[in-house]
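Read off the chains here:
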Amino acid sequence: MADLPAASRVLIVGAHPDDPDFFCGGTVARWTAAGTVVAYVVVTSGDKGMPDPAADPLAFSRRREAEQEVSARALGVSDVTFLRLTDGEVFDTLELRARLTAEIRRFRPDLIVTHDPLTRRYRQHPDHRAVGAATLAAAFPACRLATFFPEQVAAGLAPHVVGRALLFGSDQPDTFVDIAPVFERKIAALEQHVSQAGAFPGGLHPRLRRWAEEAGRPAGLALAEAFLAVELE
Ligand SMILES: [Zn+2]
């Protein structure tokens, strides 16, 4: 499939600030331009990404959160929630599933986008696998059944059915989104993550272009983002 997946409300769950923009910022820009409402949940605030290990991790986390908010806004997203777990120490726990279930029941998306927890790209941040696994557990079946986290239902967060998930970072993508028309917007958004500029020696632009070219090749697209689609209904 090589088209923009239709959705009215999309929730994107990423492990770190910049993951949503990095993995699917072009798709986000296309969705928001088409009138889709997009929200981000960011599980950690990225404190392990400090260039200076002696710096204050709390101050650095707040800086990364601010960068994420500016970057999200550049892509048309104003609803960004930070769960503030410790970077590099995320596991697929019942507590994380509960917090993600609450976010899904609050925002009520028809489509959820997150990390592929089972990708065989073994060089992978462990937080990405954990966040992908916990998000899928929250999206199916926890958020739809009132017997999961009933205290949330009692507090007014009604059960909710999510129709589909799209997983980024997959080694077997089957859904390709043409990002050629919005590629420069994606780069401009990612450049707002100023504290991470040193993470891409040689510059962000050439690397992102190469990845988008590789992602688009199976679908015959010049520049794309690629996902594995999972039906949840
Ligand atoms: Zn990450």
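Residues numbered from 1 in each chain as written. Predicted model: local features only at pLDDT ≥ 70, side-chain atom pairs only at ≥ 80, totals over all residues. Heavy atoms only, no water.

Student: Just to check I follow, could you spell out the state of the cysteines for this structure?
Tutor: Covalent bonding between the sulfur atoms of two cysteines defines a disulfide. Scanning the model with the defined rule gives 0 disulfides in all. This cysteine, Cys 24, is not joined by any disulfide, and Cys 143 carries the nearest cysteine sulfur, 19 Å off. (Disulfide = S-S within 2.5 Å.)

Student: Looking at this structure, how should I read the nonpolar core?
Tutor: Across soluble globular proteins, you tend to see nonpolar side chains buried next to one another. One finds Val 10, Ile 12, Val 28, Trp 31, Val 38, Tyr 40 and Val 113 to be the most contacted residues of the largest nonpolar core, which totals 35 residues. Here this core gets 5 residues from one element, more than from any other, and that element is helix 1 (residues 19-33). What Val 10 contacts, discounting residues up to four positions off in sequence, is Trp 31, Thr 36, Val 37, Val 38, Ala 39, Phe 107, Pro 109, Asp 110, Leu 111 and Val 113. Core analysis: the next-biggest nonpolar cluster, separate from the first, contains 24 residues, Leu 11, Ala 15, Val 90 and Leu 228 among them. (Core = buried A, V, L, I, M, F, W, Y, C linked by side-chain atoms within 4.5 Å. Buried < 20%, exposed > 50% of the residue type's maximum accessible area, 1.4 Å probe, protein only. Helix = DSSP H or I, 4+ residues; strand = E, 2+ residues; numbered from the N terminus. Contact = heavy atoms within 4.5 Å.)

Student: Would you mind showing me how to read the sheet that holds strand 1 (residues 9-14) here?
Tutor: In a beta sheet, neighbouring strands are held together by backbone hydrogen bonds and run either parallel or antiparallel to one another. Spatial strand order, 3-2-1-4-5-7-6: 7 strands in an open sheet with mixed pairing. The sheet is open, and its two borders are formed by strand 3 (79-85) and strand 6 (175-178), each paired with just one other strand. Across the sheet, the axes of successive neighbouring strands diverge by a mean angle of 25°, strand direction being ignored. Sitting on the sheet, helix 2 (residues 57-74) touches strand 2 (37-44) and strand 3, and the angle it makes with strand 3 is about 155°. Docked against the sheet, helix 3 (residues 94-107) engages strand 1, strand 2, strand 3 and strand 4 (111-115), running at close to 170° with respect to strand 3. (Pairing = 2+ DSSP bridges. Axes fitted to C-alpha atoms, helices over the stretch in contact; angles between N-to-C directions.)

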